[in-house]
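Residues per chain are reported as follows:
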Amino acid sequence: MPKRVDHEERRTQIAEALIRVAGRRGLHAVGMRDVAAEAGVSLRLVQYYFQTKENLLFHGLQHLTDLFTARVGARLAAAGPGPDPRATIEALLLASLPTDEESRTFHLLYSSYSILSVTDEGLAAQPFIDNPDAAENALTGLLRQAQESGLADSDVDARTEAISLLAMTATMGTSILVGQRKPESAIAVLHYHLDRIFTTAEHATPPA
């Protein structure tokens, strides 16, 4: 009896191949034939599932998003049950720093997708690109939650700090990629700024 083909599994296999080969060669240099060879399938099969390179890139972006979400989830799980706002913020920011091969590929490809979206309207409309404020809003909410609980400095502006943390993390990620600094240095800088924001955590009394 012929083996039943899991089409979603096959799409995932091809998307993972796209991410691997793009991580080595750069997103701009990858063609459908390259992805087929990386996945160990025929070009015709890649074309059957995605029809065009644009569709393949869209699916690759979604898969990249799913991998990032899983990476953040793993960090949150490692922080223990019910992580506090600081632990959640650290999980979000550290997951995007290129500290290992997986996160290096994420940072490189997400940067490439962002640049391509400037001239590609279809790519720009994808949720991961189209909602750049999502991470900013999430961090702002966490910082405000910490302030309301007496865990963070009530004098800082949560929105401004969220913007600063995201911009700093993105820039340090690039500096790691180009060899300007080591991951340990970037993590130390991030902790320094979080210590400044959460400096009142040990002394403040939560509101009644």
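Given the structure is predicted, the values throughout are model-derived calculations rather than measurements.

*Asks:* Residue-level account of helix α11 (residues 183–197), with values.
*Replies:* Look at α11: 21 Å from first C-alpha to last across 15 residues, which is about the 21 Å you get at 1.5 Å a residue. Among the residues of α11, P183, A186, L190, L194 and I197 are the ones counted as buried. Down the axis of α11, the smallest arc covering the buried residues is 70 degrees, so these residues share one side. α11 presents E184 and Y192 as exposed residues on the side facing more than 90 degrees away from its buried surface. Buried residues along α11 sit against α5 (85–96), α9 (133–148) and α10 (158–177).

*Asks:* Talk me through the nonpolar core; I want residue IDs and the actual numbers.
*Replies:* In terms of nonpolar packing, the biggest core is built from 29 residues, with I14, L18, L27, V35, V46, L56 and Y113 touching the most fellow members. Listed by contribution, the elements that provide at least two residues to this core are α1 (7–25), α2 (32–39), α3 (43–50), α4 (53–78), α5 and α6 (101–117). Per-element tally for this core: the top contributor is α4, with 7 residues. Here V46 is in contact with I14, M32, A36, V41, Q51 and L56, once residues within four sequence places are set aside. One finds A162, M172, A186 and F198 within the second-largest nonpolar core, a separate group that totals 20 residues.

*Asks:* Describe α3, naming the residues involved and giving the relevant values.
*Replies:* Listed as buried for α3 are V46, Y49 and F50. The buried residues of α3 occupy an angular sector of 80 degrees when the element is viewed end-on, so they sit on one face. Exposed and facing more than 90 degrees away from the buried side of α3 are R44 and Y48. The inward-facing, buried residues of α3 contact α1, α2 and α4. A positive phi of about 65 degrees marks Q51, the residue just after α3.

*Asks:* Mind laying out the confidence of the model for the protein, listing which residues take part and the relevant values?
*Replies:* Mean pLDDT over the protein stands at 86; residues scoring 70 or higher make up 90%. Low pLDDT, under 50, characterises residues 201–208; the stretch is placed with 7 contacts to residues that sit more than four places away or in other chains.

*Asks:* So what about the pattern of salt bridges? Which residues, and what values?
*Replies:* Taken as a whole and assessed by the stated rule, the structure comprises 10 salt bridges. Among the salt bridges present, the one from R25 reaches D34, with a minimum N-O distance of 3.1 Å. Residues R86 and D195 are paired through a salt bridge, measuring 2.8 Å at the closest nitrogen-oxygen approach. Taken as a pair, R86 in helix α5 and D195 in helix α11 lie far apart in primary sequence, 109 residues in all. Among the charged side chains, a network of salt bridges with common partners joins R20, R24 and E38.

*Asks:* I'd like to hear about the side chain of E136, residue by residue, with values.
*Replies:* Its place among the elements puts E136 in helix α9. Once you skip the residues sitting within four places of it in the chain, E136 turns out to touch R159, A162, I163 and L166.

Parameters and conventions
Residues numbered from 1 in each chain as written. Predicted model: local features only at pLDDT ≥ 70, side-chain atom pairs only at ≥ 80, totals over all residues. Heavy atoms only, no water. Helix = DSSP H or I, 4+ residues; strand = E, 2+ residues; numbered from the N terminus. Expected span 1.5 Å × (residues − 1). Buried < 20%, exposed > 50% of the residue type's maximum accessible area, 1.4 Å probe, protein only. Arc of directions from axis to C-beta. Contact = heavy atoms within 4.5 Å. Core = buried A, V, L, I, M, F, W, Y, C linked by side-chain atoms within 4.5 Å. pLDDT = per-residue confidence, 0-100. Salt bridge = Lys/Arg side-chain N within 4 Å of Asp/Glu carboxyl O.

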